[in-house]
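Chain and residue survey
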Amino acid sequence: MMNLKLTLAPLLLAALTSLAHAGHNSKPTPPTFADDPAAIEFARDLETRHGFKADELISQFAQTRPNATVLKLIQPPASPLQRSWERYRPRFLNERRIDGGVAFWQENAGQLAKASALYGVPEEIIVAIIGVETEYGRNTGGFGVFEALSTLAFNYPRRAEFFRTELEQFLLLARENNLDPMAVKGSFAGAIGIPQFMPGSQRRYAVDFDGDQRVDLGNSVDDAIGSVARFLEQHGWQAGQPIAVPAMTAGTPEAELLQAGLRPSLKVADLTDKGIRANIDPQTTAALIDLVSPGRETEYWLGFENFYVITRYNRSSFYAMSVFQLAEEIRNRMCAATTENRERYCRA
């Protein structure tokens, strides 16, 4: 018996030491949002303004904790990479997305034609936005939208006001569409469905394009197509007008021309006088777009109102140019593959 005790004693000591170390190293579980006064105040406010039951919202908050991955993904990188069009472009301008866009267009030709006719947005632009956003619905996000928006609304001070508004819009959206807010999945920032609309944008711009009396951007490709087209139309899309053209420059353009921003404000004739030339009507108003890549010559374009409209979807010149160039590649492939209705796909 004594020998047994002597044998067990070191084992017991090791086990206790291991448990002590585990307790010391493990991070405490963060409290739920039901313990956050700001979340409680938010619930009470929604009860007053929108007729929600605050106790039900607080019960949902009691099932939800801050998501550390969401907070990590939303943060700007500690050491920001230099902007590089050369590095950015292949993420979206590649054979997989071009081929996928052709297939998506062929599969949804009727609804794309309908949306284009109704809202004035070219079919290829609708296809390309869906391709860039979710690769035609393949990657719509696996984060709980309620959890993600709550995390950003109450644990990300930098943009708390924006995300509290989006959380409010999401709860209204869920109630209007009879959705369980705890079950809806999306991106880490709370964007939803095939076209990745934020909840506020879905409530303002999304449409029931398949006629089933509900808007379902998660499962209805038709609703996604119509909603993307309406979003662009509502933001000022000009039917039949150009999007962007390449520009040639005599040396480095003046800084103030680039600092004028993405919204067209510069007369092409004035740009010509400053050594920036493009194949477009001199009386057109444009923005000077620089597509920079470290170690390479900068690519310059003139962006018009429709280019600016694309940036309302994502406020990045790289994003808008990716959509535009992907759209052009998809349309060219459709033109090459068709023998009928060539005027629909082929440009003179």
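Reading the values: the criteria
Residues numbered from 1 in each chain as written. Predicted model: local features only at pLDDT ≥ 70, side-chain atom pairs only at ≥ 80, totals over all residues. Heavy atoms only, no water. Phe/Tyr/Trp six-rings, centres within 6.5 Å; stacked < 30°, edge-to-face > 60°. Helix = DSSP H or I, 4+ residues; strand = E, 2+ residues; numbered from the N terminus. Buried < 20%, exposed > 50% of the residue type's maximum accessible area, 1.4 Å probe, protein only. Lys NZ or Arg CZ within 6 Å of the ring centre and 35° of its normal. Pairing = 2+ DSSP bridges. Contact = heavy atoms within 4.5 Å. Disulfide = S-S within 2.5 Å. pLDDT = per-residue confidence, 0-100. Expected span 1.5 Å × (residues − 1). Arc of directions from axis to C-beta. Axes fitted to C-alpha atoms, helices over the stretch in contact; angles between N-to-C directions. Parallel < 35°, antiparallel > 145°, perpendicular 65-115°, else oblique.

**A closer look at the packing of aromatic side chains**
- What the rule picks out here adds up to 19 aromatic pairs.
- On the basis of an interplanar angle of 25° and a centroid distance of 6.3 Å, the ring pair of W85 and Y88 is categorised as stacked. On the criterion of helical spacing, the pair formed by W85 and Y88 is a turn pair, its members being three residues apart in helix α5 (residues 85–88).
- Under the relative-accessibility criterion, W85 is labelled buried at 3%.
- For the pair W85 and F318, a centre-to-centre distance of 5.4 Å together with 55° between the ring planes defines the contact as tilted. Taken together, the residues W85 in helix α5 and F318 in helix α16 (residues 317–337) connect sequence positions 233 residues apart. Per residue, the accessibility class of W85 equals that of F318, and both read buried.
- Looking at K114, its charged tip hangs above the ring of F209, at a distance of 4.4 Å from the centre.
- In this structure, R175 packs its charged tip against the face of F52, placed 4.1 Å from the ring centre.

**Points about the sheet that holds strand β7 (residues 285–291)**
- Taken in spatial order, the four strands of this open sheet run β3-β8-β7-β5, and their pairing is antiparallel. Only two strands of the sheet have a single neighbouring strand rather than two, namely β3 (244–246) and β5 (266–267).
- As defined by bridge partners, β3 adjoins strand β8 (residues 299–303) across three bridges and the pair is classed as antiparallel. Bridge pairing in β8 places A244 opposite G303.

**Thoughts on the side chain of S84**
- Along the chain, S84 falls in the loop between α4 (68–74) and α5.
- Look past the residues within four positions of S84 in its chain and what remains in contact with it is V292, S293, P294 and F318.

**Remarks on the state of the cysteines**
- Overall, the coordinates contain one disulfide when judged by the stated rule.
- Through a disulfide, C335 is tied to C346; the S-S separation comes to 2.0 Å. Of note, the bridge from C335 to C346 carries an S-S torsion of about 110° and is right-handed in sense. Of this pair, C335 sits in helix α16 while C346 sits in the segment after α17 (342–345); the two residues are 11 residues apart in sequence, bridging distant segments of the chain.
- Judged by relative accessible area, which is 16%, C346 ranks as buried.

**A closer look at the environment of L179**
- Mapping L179 onto the fold places it in the loop between α10 (160–176) and β2 (185–186).
- Spatially, the C-alpha atom of L179 lies 33 Å from that of R96, the residues being 83 residues apart in sequence.
- Dropping the residues within four chain positions of it, L179 is found in contact with A174, V184 and R214.

**Regarding the confidence of the model for the protein**
- With 91% of its residues at a pLDDT of 70 or more, the protein has an overall mean of 91.
- Note on residues 1–8: pLDDT is under 50 here. Beyond four places in sequence and across chains, it has zero contacts.

**Thoughts on unusual backbone geometry**
- Although it is not a glycine, Q196 adopts a positive phi angle of roughly 55°.
- Assignment of secondary structure puts Q196 in the loop between β2 and α11 (199–205).
- The class for Q196 is buried, based on a relative accessible area of 13%.
- Located in the positive-phi region is Q213, a residue other than glycine, with phi close to 70°.
- Its location among the elements puts Q213 in the loop between α11 and α12 (221–234).

**Some points on helix α2 (residues 37–50)**
- A rise of 1.5 Å per residue sets the reference length of α2, with its 14 residues, at 20 Å; its end C-alpha atoms lie 20 Å apart and thus fit the reference within 8%.
- Within the sequence span of α2, burial applies to A38, A39, F42, A43 and L46. Viewed end-on, α2 has its buried residues packed into an arc of 140°, placing them on one side of the element. Turned more than 90 degrees from where α2 packs its buried face, P37, E41 and T48 sit exposed.

**Considerations on the packing of helix α8 (residues 123–134) against α12**
- Closest axis-to-axis distance for the α8/α12 pair is 10 Å, and the angle between their directions is 110°. Considered as vectors, α8 and α12 are oriented roughly perpendicular to each other. Within the contact between the two elements, α8 uses I125, I126, I129 and I130 and α12 uses A224, I225, V228, A229 and L232.

**A word on helix α9 (residues 145–155)**
- Burial within α9 is extensive, with nine of its 11 residues counted as buried.
- Every buried residue belonging to α9 is among V145, F146, A148, L149, S150, T151, L152, A153 and F154, and all of these are buried.

**Focus on the side chain of E135**
- In this structure, E135 sits in the loop between α8 and β1 (143–144).
- Those residues in contact with E135 that sit more than four places away from it in its chain are R96, R97 and I130.

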